[in-house]
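Working through the structure, step by step
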Amino acid sequence: GNSVTQMEGPVTLSEEAFLTINCTYTATGYPSLFWYVQYPGEGLQLLLKATKADDKGSNKGFEATYRKETTSFHLEKGSVQVSDSAVYFCALSDSGGGADGLTFGKGTHLIIQP
Amino acid sequence: GAVVSQHPSWVICKSGTSVKIECRSLDFQATTMFWYRQFPKQSLMLMATSNEGSKATYEQGVEKDKFLINHASLTLSTLTVTSAHPEDSSFYICSAREGPWQETQYFGPGTRLLVL
């Protein structure tokens, strides 16, 4: 079956630090990969996505590259801000067009200190 | 745009009672809605997929008679937890997407259920 493994937090960084949140996956087909973010008290929001190998998704300074050879989709940001504090979820959709629901990782709680 | 709401945001009920949770797409028509369940420090687990006007498709291990899903309109899906027990206490989250081949799901803020 499908699964997503991501580093567990909390991850605590200082403002302007470099961020990496690791995510690896197992899938039977050719999945699309997603990063969702959940700010306190809010629903999950799509942060970025990639639909095929070597694609790079990017948004709000965050980037992730779909690496089929390592089955990974690590999230990176060069300089984090306090406002980036949230829970980040890696997820996959294992059918073209997202016909099925998403398989999520456990989430990584990111805390950015000023 | 693309806002999904859930009601109530939290609910406490007695064991044996039924609880209904609503999921609404506020500014778009959702042909498909998904219901997830999240335990503390765990992943979101897909419970079921509902398409407007048809029966929901449940994931393996999810009791369809316990978790009744109705998707009667393009903007509303409901999840009813029937004869709730303490082990049903959890965080329930819905999501919606506009069309069958749209990958992006828009999530509601979730409903926390506590069964006493």
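Right, let's walk through the structure included here. (Residues numbered from 1 in each chain as written. Chains lettered and ligands numbered in written order. Predicted model: local features only at pLDDT ≥ 70, side-chain atom pairs only at ≥ 80, totals over all residues. Heavy atoms only, no water.)

For the rest of this paragraph, the subject is the interface of chain B and chain A. Every contact between the two is made by 18 residues of chain B and, on the other side, 20 residues of chain A. For the chain B and chain A pair, buried surface summed over both sides reaches about 1,600 Å², with 51% attributable to carbon and sulfur atoms. Three residues, L44(B), E103(B) and F107(B), lead the burial of chain B against chain A; their summed loss comes to 37% of the area buried on that side. Counting across the chain B and chain A interface gives 0 salt bridges. Taken together, the connections running from chain B to chain A amount to 5 residue pairs in polar contact (both at pLDDT 80 or more). Where the side of chain B that touches chain A is concerned, the elements lending two or more residues are β4 (32-38) and β5 (44-51) of chain B. Among the elements that take part in the side of chain B that touches chain A, β4(B) stands out by supplying 3 residues, more than any other. Looking at the side of chain B that touches chain A, its residues break down into 8 nonpolar, 7 polar and 3 charged. (Contact = heavy atoms within 4.5 Å. Buried area = accessible area lost by both parts, 1.4 Å probe. Salt bridge = Lys/Arg side-chain N within 4 Å of Asp/Glu carboxyl O. Polar contact = N/O pair within 3.5 Å; in protein donor to acceptor, adjacent residues only side chain to side chain. Helix = DSSP H or I, 4+ residues; strand = E, 2+ residues; numbered from the N terminus. Nonpolar A, V, L, I, M, F, W, Y, C, P; charged D, E, K, R; others polar.)

All names here are of chain A. Under the definition given, this model contains 2 disulfides over all chains. In this model, C23 is linked to C90 through a disulfide, with the two sulfur atoms separated by 1.9 Å. On the S-S bond that ties C23 to C90, the torsion sits near -70°, and the link is left-handed. Separated by 67 residues along the polypeptide, C23 in strand β4 (residues 23-26) and C90 in strand β10 (residues 86-93) bring together distant segments of the chain. We note that C23, like C90, is buried. (Disulfide = S-S within 2.5 Å. Buried < 20%, exposed > 50% of the residue type's maximum accessible area, 1.4 Å probe, protein only.)

Residues and elements named next belong to chain A. Taken together, the 4 strands give an open sheet; going across it, the order is β3-β9-β8-β7, and neighbouring strands pair in antiparallel fashion. The open sheet terminates on both sides in strands that have one partner only, identified here as β3 (19-21) and β7 (56-59). For this sheet, the mean angle separating the axes of adjacent strands, direction not counted, is 15°. Two strands pair when backbone bridges link them, and strand β8 (residues 62-65) and strand β9 (residues 75-77) are joined in this way by 3 bridges, in the antiparallel orientation. When the bridges of β9 are listed, F62 appears paired with K77. (Pairing = 2+ DSSP bridges. Axes fitted to C-alpha atoms, helices over the stretch in contact; angles between N-to-C directions.)

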